[in-house]
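Residue-level structural notes
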Amino acid sequence: MITLRFVSHTGLFNWACTIAQYGFWSTHCEAMLPDGRLLGAISDGVKSRDPGYDKDQIKKEVFLNVRATVEQEEIFYAFIESQIGKPYDTWAILAYFYPSRDWQASDAWYCSELLGTALSECGILPKEMAVKFSRVTPRDLLLLISTRTEAGL
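Predicted model only: the values in this text are computed from it and were never measured.

Concerning helix H2 (residues 70-82)
With 13 residues, H2 should reach 18 Å at 1.5 Å per residue; the first-to-last C-alpha distance of 18 Å fits that figure. Buried residues belonging to H2 abut strand S1 (2-9), strand S2 (28-32), strand S3 (38-42) and helix H4 (111-121).

So this is what it looks like as structure tokens:
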């Protein structure tokens, strides 16, 4: 299993992200590593963080288990760990309003795009989608993986 964390935080940025996602509550997502640490992209870049690093800001939090083979898990975790140290993709925020970028470009990451690309790398999501688009939001990622998760949101 690959465990993903979807979370909503307090603050103006998160309020704006909720509006941009048509009211969807999750404004951030990240992967839980096998050792329990959380790996994702936020304003200070792609990092592995201790559980509870944001506990004072959480409004809602859901962990989802994505069905995967052992080989898919290994590829997924190897990919996201290889991205540690890359910057946060501030242009991804502008793609909410101005769609003109490649959401899988690996020079900088937005949280859901890092995870979506990792899921493509390991074969859970296709590398090419049926329709070209310029962003993958937490809402989009949840919709894309919904058939591969345990029920119960």
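Here the narrative resumes.
Some points on the packing of H4 against helix H5 (residues 138-145)
Their axes nearest at 8 Å, the elements H4 and H5 cross at an angle of 25°. As summarised for this structure, H4 and H5 are arranged roughly parallel, according to the angle between their axes. Residue-level contacts link Cys 111, Ser 112, Leu 115, Gly 116 and Leu 119 of H4 to Pro 138, Leu 141 and Ile 145 of H5. By residue class, the composition of the contact of H4 with H5 is six nonpolar, two polar and no charged.

Quick notes on the packing of aromatic side chains
As enumerated under the stated definition, the model contains three aromatic pairs in all. Relative to Tyr 77, the ring of Phe 76 lies with its centre 5.1 Å away and its plane at 85°, an arrangement referred to as edge-to-face. Under the relative-accessibility criterion, Phe 76 is labelled buried at 0%. Note on Tyr 77: relative accessible area 9%, which makes it buried. Ring geometry for Tyr 88 versus Tyr 110: centroids 6.1 Å apart, planes at 55°, classification tilted. Pair noted here: Tyr 88 is in the loop between H2 and helix H3 (90-94) and Tyr 110 is in the loop between H3 and H4, with a separation of 22 residues, a long-range link. Exposure remark for Tyr 88: the relative accessible area of 16% places this residue in the buried category. If you follow Arg 49 out to its NZ or CZ, it ends over the ring of Tyr 53, 5.7 Å from the centre.

Brief notes about the pairing of strand S4 (residues 45-49)
Alignment of S3 against S4, held across five bridges, turns out to be antiparallel. Following the sheet pairing, Gly 40 is matched in S4 by Lys 47. Between S3 and S4, which pair antiparallel and follow one another directly, the connecting turn spans two residues.

Each value, and the rule that gives it
- Residues numbered from 1 in each chain as written.
- Predicted model: local features only at pLDDT ≥ 70, side-chain atom pairs only at ≥ 80, totals over all residues.
- Heavy atoms only, no water.
- Helix = DSSP H or I, 4+ residues; strand = E, 2+ residues; numbered from the N terminus.
- Expected span 1.5 Å × (residues − 1).
- Contact = heavy atoms within 4.5 Å.
- Axes fitted to C-alpha atoms, helices over the stretch in contact; angles between N-to-C directions.
- Parallel < 35°, antiparallel > 145°, perpendicular 65-115°, else oblique.
- Nonpolar A, V, L, I, M, F, W, Y, C, P; charged D, E, K, R; others polar.
- Phe/Tyr/Trp six-rings, centres within 6.5 Å; stacked < 30°, edge-to-face > 60°.
- Buried < 20%, exposed > 50% of the residue type's maximum accessible area, 1.4 Å probe, protein only.
- Lys NZ or Arg CZ within 6 Å of the ring centre and 35° of its normal.
- Pairing = 2+ DSSP bridges.

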